[in-house]
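Residues per chain are reported as follows:
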Amino acid sequence: MKKLYIFFAGCMLALFTADLARAASVDVWTASSYINVFRDFTKTDDSPAGYDLVVARNEGESFQILLRSAVPFTIEKIAFTDLVSDNKGRIGKENLSYNYVEYVYMGGNSANQNVENLIRSGAGYYPDPLSNEARCRVEADTTQPVWVTLDVPKKARPGLYKGEVTVFTTEGEFRIPVTAEVNNVVIPDAVDDHFDLMVHQQIAGTWWYDTTRNSHPRDVIFQIFGHERWTPEWWALVGDMADWMKRTRMNVLFVNTQQLLVDGPGTKLENGRFTFDWSKFDEYIEFFLNRKVVNKFEGLHLGSVIGAVGETFYSYILTNNEQGEICTTNVEAMSEHCRLFHGQFLGELYAHLKKKGWLSMWMQHIGDEAVSDLQHRQYGYYMEHMKSQAPEMQCGDPTFSLKSAQNAVAKGATVVTPIEDLYQGYKPDFDTMQQNGITVYCYNCCGPHYHWLNRMLDLPVWQQRLLGWLSYKWGISGWLHWGWNFWVDWFQDSFQTIDNEAYKGDHYSVYPDTANNRIKGSIRTEALRDMDEEFELLYLLGSHNPELARRLVDKVIVNASDNFVRDPAVMNDVRTELIRACAVYSQF
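Residues numbered from 1 in each chain as written. Predicted model: local features only at pLDDT ≥ 70, side-chain atom pairs only at ≥ 80, totals over all residues. Heavy atoms only, no water.

**Q** Would you mind going over the overall build of the protein chain with me for this structure?
**A** When helices and strands are tallied, the protein chain shows 14 helices and 29 strands. Taking 588 residues into account, the globule formula puts the C-alpha radius of gyration at 25 Å, and the protein chain, at 26 Å, falls close to it. Here the C-alpha coordinates of the protein chain stretch approximately 105 × 55 × 45 Å along the principal axes. Within the span of the protein chain, comprising 588 residues, buried residues form 60% of the whole. Within the protein chain, contacts between residues separated by at least 24 positions form 76% of all contacts whose residues are at least 6 apart in sequence. Just so you have it, the protein chain exposes about 23,300 Å², and 52% of that area is on carbon and sulfur atoms. Computing the positive centroid from 54 side-chain charges and the negative centroid from 75, the protein chain places the two 6 Å apart. (Helix = DSSP H or I, 4+ residues; strand = E, 2+ residues; numbered from the N terminus. Rg over C-alpha atoms; globule rule 2.2 N^0.38 Å. Buried < 20%, exposed > 50% of the residue type's maximum accessible area, 1.4 Å probe, protein only. Contact = heavy atoms within 4.5 Å. Areas by Shrake-Rupley, 256 points an atom, 1.4 Å probe, with all protein chains shown as cover. Lys, Arg positive; Asp, Glu negative; His and termini not counted. Charge placed at Lys NZ, Arg CZ, Asp CG, Glu CD.)

**Q** Mind showing me how you'd approach helix α5 (residues 279-290) here?
**A** Since there are 3.6 residues in each turn of an α-helix, residues three or four apart along the chain are aligned in direction. Taking 1.5 Å of rise per residue, the 12 residues of α5 would be expected to cover 16 Å, and the 16 Å separating its terminal C-alpha atoms lies within 8% of that figure. For α5, the complete set of buried residues consists of K280, F281, D282, Y284, I285, F287 and F288. Those residues of α5 that are buried are in contact with α3 (232-247), β15 (252-255), α4 (257-263), β18 (296-299), α6 (336-356) and β22 (362-364). Taken from the residues just after α5, K292 is the one with a positive phi, measuring 55°. (Expected span 1.5 Å × (residues − 1).)

**Q** Could you clarify how one ought to interpret α3 in this entry?
**A** An ideal rise of 1.5 Å per residue puts 22 Å on 16 residues; α3 measures up with 23 Å between its terminal C-alpha atoms. Taken together, the buried positions of α3 are occupied by W234, W235, L237, V238, G239, D240, M241, A242, W244 and M245. Each element contacted by the buried residues of α3 is listed here: β8 (124-130), α2 (220-225), β15, α5, β29 (518-520) and α12 (523-544). Backbone geometry just downstream of α3 places R249 in the positive-phi region, at approximately 65°.

**Q** Can you walk me through the pairing of strand β10 (residues 144-151) in this structure?
**A** The element β10 is extensively covered by neighbouring structure, given that seven of its eight residues are classed as buried. Direction of pairing for strand β3 (residues 60-69) relative to β10: antiparallel, over a ladder of eight bridges. Bridging from a neighbouring strand, L66 pairs with P145 of β10. Across five bridges, the pairing between strand β7 (residues 96-106) and β10 is antiparallel. Residue pairing across strands places Y100 opposite V146, the latter belonging to β10. (Pairing = 2+ DSSP bridges.)

**Q** Which parts of the structure should I look at to understand the nonpolar core?
**A** One recurring pattern in soluble globular proteins is that nonpolar side chains are buried together. Counting residues in each nonpolar core, the largest one holds 149 residues, and the members touching the most others are F281, F288 and W469. Once residues lying within four places of it in the same chain are set aside, the contact partners of F288 are I203, V238, A242, M245, L253, V293 and V294. Of all hydrophobic cores here, the second largest spans 32 residues; its members include L53, Y98, A156 and V178. (Core = buried A, V, L, I, M, F, W, Y, C linked by side-chain atoms within 4.5 Å.)

**Q** Which parts of the structure should I look at to understand the sheet that holds strand β24 (residues 415-418)?
**A** With parallel pairing, six strands are arranged side by side in an open sheet as β15-β18-β22-β23-β24-β25. Unpaired on one side and paired on the other, β15 and β25 (439-440) mark the two borders of the sheet. Judged from the four bridges that link them, strand β23 (residues 394-399) and β24 form a sheet pairing that is parallel. Among the inter-strand pairings, T399 is bridged to a residue of β24, identified as P418.

**Q** Explain the packing of aromatic side chains here, please?
**A** The description of two aromatic rings rests on the distance between their centres and on the angle between their planes. Across all of its chains, the model carries 42 aromatic pairs by this definition. On the basis of an interplanar angle of 70° and a centroid distance of 5.6 Å, the ring pair of Y98 and Y100 is categorised as edge-to-face. Of the two residues, Y98 and Y100, neither departs from the other in class, the shared state being buried. Taken together, a centroid distance of 5.7 Å and an interplanar angle of 20° make the contact between Y423 and F430 stacked. Assessed through its relative accessible area of 0%, Y423 is described here as buried. Cluster of aromatic residues (ring-pair linked, three or more members): F274, F276, W278, F281, F297, F341, F345, W358 and W362. The ring of F38 carries the charged tip of R120 above its face, separated from the ring centre by 4.0 Å. (Phe/Tyr/Trp six-rings, centres within 6.5 Å; stacked < 30°, edge-to-face > 60°. Lys NZ or Arg CZ within 6 Å of the ring centre and 35° of its normal.)

These figures capture arrangement, not role.
As structure tokens, this is what we get:
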């Protein structure tokens, strides 16, 4: 019997030792959400084993758990405990979530970028999409990040919370300690905040393509997912899109008004007179309002650019096609068809928005990036219709030309959105516009180039986060990133990969997940959330102690071109100062 016991104990010890050896074969450590983690990252002696968060109430903040092994393995699941504080506070585990970071291949870097502005040079796999899958296969000698997000409840009791994340793998279980210092300051919901975060979505309609009531062949959702508008599958996907918008605090919806009107069953053109059916327009708008996703809307442009930027505008209108069906199409600006449409459209849009109580939430685009003298005249034509038919409607556009901005304002535009480098170069001119009641935002897209803050995949992900600090420093209350899900490029018929873009990630910052009828977020869209939240914290602090808010901003950024901190640890330290300072003043 004694021999049998010794044999059994020996077997158990061998099994326990084998489990330890297997678990020890996986390196586990953590990193902040400021870091683009590449597959060749390795654990070092000072790599943290856990993660300490400093957060406000009603804030979402992320960090990364990194796993790497010399052998392939599978992450089977991630489990969370409740976070508990010594003062009897509890944040339920349902407020924690995770996504696996995925990688996209790029054969080279974005065009027109300085090497020192890149996170890495050359071909390779770059981190960005966030997977919706529960499990993840990890290849040997490959680092896999798990993106963990804590959504702090509004009513969480201030205090220091402790909890644990457990990663279950085929090579063992790994427990990662997590703390969260919850400060006594509440970030408002995005629909109640002081910052307008705009990223042009292509959901119900794609830019200026021809469409009829029952056929929308150029919708990116139809092209990628195969869903026609208004079907149950389409609505399910739109619901997921709305959820991601809310998660990342995108509180402005880009609306293709013309296509939504075409879809209205009663919209028609007879004897030179339009009848507009607003039912689909209302259904779409109310879907996002009822979910408390947005508080403002951008109306699709009256003038579109087809071909070279800066030459001429075409007017996107409703008319009858050769079969007598109501449709959308493009015609020359100021043409007869154009005048017929605009003679009714803007007045009825204005009246409908006013009736619904949405007029103050609406900003009508006229025509982006007007450059030529012809475009300036065309802009004047559109503005004449705006002033006569929709006199109280906010309107304006992005521009990379001071002359264009001044021309728009002179003709009645109430909003100007200069590109980042234009604003910095002519800040006094835009400050004067603000003093005269003009709303001034900023934007970036494929530009500005070389050394400016932007959102391409091969730039540090924290660059977008810094734009919130920059916006506060500049005194502007909104930012536009032009492409959210423009998955099929102009005049193309299939998905455009990141590798095929000249500016990597310019067309989209979310990815299609056709297998799950969802979209994938990205580490870049998560940085948009942080951008908005940190602007709100600065706004709150500035309302009590503007000098302290300015000093904190100056610690991380002086200008957008080449004078900003590049050390994520410094940025995180200043962010911690900001949150703790806000907690002091939120009591008054």
